[in-house]
Amino acid sequence: MARIDTQIADTRAHAIAARLAQDDKPERELVIDWQNRLSQLLAAEPSLGTELRRLLGDTLTPALDASAPGLMTVTMWATAQDNSRIYQAGGDQYIDEAR
C-alpha cells in the first residue's frame, strides 16, 4: 500500500507541475498510464469495480478540484484616483516602500 501511496503522490506532483507550466501533454500521459493500471487491476479483480467507483466518486474526483495549489481563477478590479495606489495579488505579495 505504501508503494501505491508513493506512486499516487508522485503522479499528483507531476500533474500539478504540468498544469502550472500550462503543458497538458504530461498530464494526458499520466491519465493514460493510470487508466491502464486500473484496467489491469479490474481485469484481475473484477470485484473491486464497485469499491473503485466509490473511491473515484467520493474521494479522488473532488480532491482534484480542491487540492492543487496555485490552480485557481482570480478576477480583480480596481480604480485608482489622484495619488492613490493599488496593490493586488492572487497569492503572496511583498511590497517594499522604504525609499
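Residues numbered from 1 in each chain as written. Predicted model: local features only at pLDDT ≥ 70, side-chain atom pairs only at ≥ 80, totals over all residues. Heavy atoms only, no water.

1. Things to note about the overall build of the protein
- Across its full length, the protein carries three helices and zero strands.
- Reading the secondary structure of the protein in the N-to-C direction produces α-α-α.
- For the protein, with 99 residues in total, the buried portion stands at 10%.
- Long-range pairs, those at least 24 residues apart, make up 32% of the contacts in the protein with a sequence separation of at least 6.
- Accessible surface for the protein amounts to roughly 8,600 Å². Of this, 54% is attributable to carbon and sulfur atoms. (Helix = DSSP H or I, 4+ residues; strand = E, 2+ residues; numbered from the N terminus. Buried < 20%, exposed > 50% of the residue type's maximum accessible area, 1.4 Å probe, protein only. Contact = heavy atoms within 4.5 Å. Areas by Shrake-Rupley, 256 points an atom, 1.4 Å probe, with all protein chains shown as cover.)

2. Points about the environment of Leu-52
- Locating Leu-52 in the fold gives a position in helix α3 (residues 49-66).
- As for Leu-52 and Leu-38, which are separated by 14 residues in sequence, their C-alpha atoms are 8.9 Å apart.
- What Leu-52 contacts, discounting residues up to four positions off in sequence, is Leu-38 and Leu-42.

3. What to know about the environment of Glu-29
- With respect to the secondary-structure elements, Glu-29 resides in helix α2 (residues 24-44).
- Accessibility expressed as a relative area gives 46% for Glu-29, which makes it partly exposed.
- Between the C-alpha atoms of Glu-29 and Ala-15, which are 14 residues apart in sequence, the distance is 9.6 Å.

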